[in-house]
Amino acid sequence: MKLLSLYLLTFAFFQSSWSFSYDGYKAYSVTPKTLGQAKILKEFEDDEHFDFWSEFRALNSSVDVMVSPKAQLDFENFLSSEGIDYTIFIENVEEKIQEENKRQKRSALVTRGDVSFTEFMRYDDITAYLDKLNVEYSNIAQTQIIGKSFEGRDLYLIKISSGGSNKPILFMQAAIHAREWIAPPVALYVINQLVENPENADLYQNVDWVIVPVVNPDGYEFSHVDTRLWRKTRTPGTICAGTDGNRNFDYHWMVTGASGWQCSQTYAGHSPFSEVETQAIRDYVLANKENIKLFLDIHSYGNWLLYPWGYTTDPPDDADELQALGDRVNDAIAAVRGTTYTVGNSTSCYTPRRVLVQITPRELLVSI
Ligand SMILES: [Zn+2]
């Protein structure tokens, strides 16, 4: 009997420590129609019971927020009393996560050194693929370790180049936010198509591509084994762990769209560049700043192509050029996929110009 109790206790402990459960969590789509409503909703952003999955970008466009079971009744009453429209689009988030787990388990295991676009790869498998390219395509692909994550993982970068020096660099990074699992496959697909598809060789004749497929591997792994919707880094705090790497760059640090509360999903860190992961990106970019002509930061989700600024509503000097570039990207995607993206600067519904939070790290914004 004692043995059985011990077993049950151990099992319960193992179950609860293996993974955070989102049982009973609901996802709401909320649509503010006035600036006042949008401002009221923003006040929920630092509350631990609320997790905003998308950002306010325009009035009458919806924002998605997950709410813990404890806060749902009050939240719904509040929305009704304020006359704010909402729908519930996921009744139980945990069920969706379990469905995703089952899909992951059903798909064939990726062979070490291969790449897969039918499952979400673990970080070790991603770096094994980059290592293989480094060996098998050493004439055009070189990996580089640009630092270590807080938990000691190598931070990988791959450079794809036809050789020569002083060429313009297109820098691309993904997964500074851990839970955005679709971002690394996007970066990996670009890598795969450039390196392994000879038809694309012309794309790296005049430009070097430098790609970091996972900026935040600690958080990425944590989102695979413990808390599926983990977003931040894994540095410990006095109360809550993790910093939002995308709020940790020093350019107008903490001016807008970031939080000083360490339990917030948008916690900017105790100081700019407090995170070793953002330090590694900073050091590489500053060492190559004369050559980096475009910096792309891949996130999910939302069909947005965003350019600076986030801290001010004033447009950058080259806003017209950035808009034209974004329009061309949108047209190219639409021609193949039939999907459309909204092109604009990082936006807010607080001003007519719609500027809120830019999605790219702030001091690294170098346009073509
Ligand atoms: Zn993100």
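The name given to the protein in an unreviewed UniProt entry is Zinc carboxypeptidase A 1, with the source organism recorded as Anoplophora glabripennis.

> If you had to explain the coordination of the zinc ion to someone new, which residues and values would you point to?
Put simply, the ideal angle at a metal is 109.5 degrees for four donors in tetrahedral geometry and 90 or 180 degrees for six donors in octahedral geometry. At this site the zinc ion is bound by His177 (ND1), Glu180 (OE), Glu180 (OE) and His299 (ND1), with donor distances of 2.0 to 2.5 Å. Each of the four donor atoms bound to the zinc ion contributes to angles spanning 57 to 147°, and the resulting shape is irregular. According to the relative accessible area criterion, Glu180 is buried, its value standing at 6%. Residue classification places His299 among the buried residues on the basis of a relative accessible area of 17%.

> So what about unusual backbone geometry? Which residues, and what values?
Tyr301 follows Ser300 through a cis peptide bond whose omega is 5°. Relative to the elements of secondary structure, Tyr301 occurs in the loop between strand S9 (292-298) and strand S10 (304-307). Omega for the peptide link from Pro308 to Trp309 comes to 0°, which places this bond in the cis form. Tracing the sequence through the fold places Trp309 in the loop between S10 and helix H9 (319-337). Positioned with a positive phi, Asn166 is a non-glycine residue whose angle comes to about 65°. Looking at the secondary structure, you find Asn166 in the loop between strand S6 (154-160) and strand S7 (169-174).

> Just give me the short version of helix H7 (residues 217-225), but keep the residues and values in it.
One turn of an α-helix holds 3.6 residues; hence residues three or four places apart share an orientation. Among the nine residues of H7, eight are classified as buried, and the element is accordingly described as predominantly covered. Residues of H7 that are buried: Pro217, Asp218, Gly219, Tyr220, Glu221, Phe222, Ser223 and His224. In this fold, the buried residues of H7 make contact with helix H4 (93-106), helix H5 (123-136), S6, helix H6 (183-196) and helix H8 (276-287).

> Tell me about the nonpolar core, and name the residues and values.
Grouped burial of nonpolar side chains is what soluble globular proteins tend to show. Judged by nonpolar contacts, the single largest core of 30 residues is most densely connected at Ile160, Ile191, Trp209 and Ile211. For this core, the secondary structure elements donating two or more residues are H5, S6, S7, H6, strand S8 (208-212) and S9. Among the elements that take part in this core, H6 stands out by supplying six residues, more than any other. Non-local contacts of Ile191, meaning those with residues more than four positions away in its chain, are made with Tyr129, Leu130, Leu133, Ile158, Ile160, Glu196, Ile211 and Pro213. Among the nonpolar cores identified, the runner-up in size contains 17 residues, and Ile146, Phe171, Ile176 and Phe273 belong to it.

> Outline the side chain of Asp244, supporting the account with residue identities and numerical values.
Here Asp244 shows up in the loop between H7 and H8. Its relative accessible area of 0% is what places Asp244 among the buried residues. A polar side-chain atom of Asp244 sits 2.7 Å from a polar atom in the side chain of His177. Of the polar contacts made by the side chain of Asp244, one reaches the backbone nitrogen of Asn246; its length is 2.9 Å. Residues within four places of Asp244 in sequence aside, it is in contact with His177, Arg231, Lys232, Gln265, Thr266 and Tyr267.

> Break down the packing of aromatic side chains for me, citing the residues and quoting the values.
One pass over the structure, following the stated rule, counts 21 aromatic pairs. For the pair Tyr251 and Trp309, a centre-to-centre distance of 5.5 Å together with 40° between the ring planes defines the contact as tilted. On the criterion of sequence distance, the pair formed by Tyr251 in the loop between H7 and H8 and Trp309 in the loop between S10 and H9 is long-range, its members being 58 residues apart. Under the relative-accessibility criterion, Tyr251 is labelled partly exposed at 29%. An aromatic cluster is defined as three or more aromatic residues linked by ring pairs; in this entry it consists of Tyr28, Phe44, Phe50, Phe75, Phe78 and Tyr86. The ring of Trp181 carries Arg228 above its face, with NZ or CZ at 3.5 Å from the centroid. If you follow Arg234 out to its NZ or CZ, it ends over the ring of Trp230, 4.7 Å from the centre.

> I'd like a rundown of the confidence of the model for the protein, residues and numbers included.
A low pLDDT score tells you not to read the predicted coordinates there in detail. For the protein, the mean per-residue pLDDT works out to 88, and 89% of the residues sit at or above 70. Confidence over residues 1-18 falls short of pLDDT 50; this stretch has four contacts with residues more than four positions distant or in other chains. Contacts for the low-pLDDT stretch residues 348-368, under 50 throughout, to residues beyond four places or in other chains number 99 contacts.

> Go over the pattern of salt bridges with me, naming the residues and quoting the values.
Under the counting rule described, the total for this entry stands at 16 salt bridges. Notably, a salt bridge pairs Lys132 with Asp114, separated by 4.0 Å at the nearest N-O pair. Pair noted here: Lys132 is in helix H5 and Asp114 is in the loop between H4 and H5, with a separation of 18 residues, a long-range link. Judged by its relative accessible area of 35%, Asp114 falls in the partly exposed class. For the salt bridge of Glu151 with Arg153, the shortest nitrogen-to-oxygen distance reads 2.8 Å. The exposure class assigned to Glu151 is partly exposed, which follows from its relative accessible area of 43%. On the accessibility criterion, Arg153 (25% relative accessible area) is partly exposed.

Calculation rules
Each chain has its residues counted from 1, following the order in which its sequence is written. Note on the predicted model: pLDDT of at least 70 is required for a residue's local features to be given, and 80 or more for side-chain atom pairs to be given and counted; whole-chain, interface and lining totals, by contrast, use all residues. Values shown for side chains rest on all heavy atoms present in the structure; no hydrogens or waters enter the calculation. Distances decide who is a donor: an N, O or S atom must be within 2.8 Å of the metal, or within 3.2 Å for Na, K and Ca. Water is not included, so sites may look incomplete. Donor angles set the geometry label: tetrahedral for four donors if every angle is between 85 and 135 degrees, square planar for four and octahedral for six if opposite donors exceed 155 degrees and the others are between 65 and 115, irregular for anything else. Exposure categories follow from relative accessible area, calculated using a 1.4 Å probe and restricted to protein chains: below 20% of the type maximum is buried, above 50% is exposed, and the middle band is partly exposed. Here a strand is any run of E in DSSP of at least two residues, a helix any run of H or I of at least four, and the numbering for each starts at the N terminus. Note on contacts: a residue pair is in contact if any heavy atoms of the two residues lie within 4.5 Å. In this description, a nonpolar core means a group of buried Ala, Val, Leu, Ile, Met, Phe, Trp, Tyr and Cys residues linked to one another through side-chain atoms lying within 4.5 Å. Each polar contact in these results corresponds to two N or O atoms within 3.5 Å; when the atoms are within protein, one needs to be able to donate a hydrogen and the other to accept it, and residues that are neighboring in sequence are counted only if both atoms are side-chain atoms. Under the pairing criterion, centres of Phe, Tyr and Trp rings, with the six-membered ring standing for Trp, must be within 6.5 Å; the plane angle then separates stacked pairs below 30 degrees from edge-to-face pairs above 60, leaving the rest tilted. Think of it as a cone above the ring: NZ of Lys or CZ of Arg counts as a charge over the ring if it is within 6 Å of the ring centre and within 35 degrees of the ring normal. One number per residue, pLDDT, summarises how confident the predictor is, and it ranges from 0 to 100. Here a salt bridge means any side-chain nitrogen of Lys or Arg lying within 4 Å of a carboxyl oxygen belonging to Asp or Glu.

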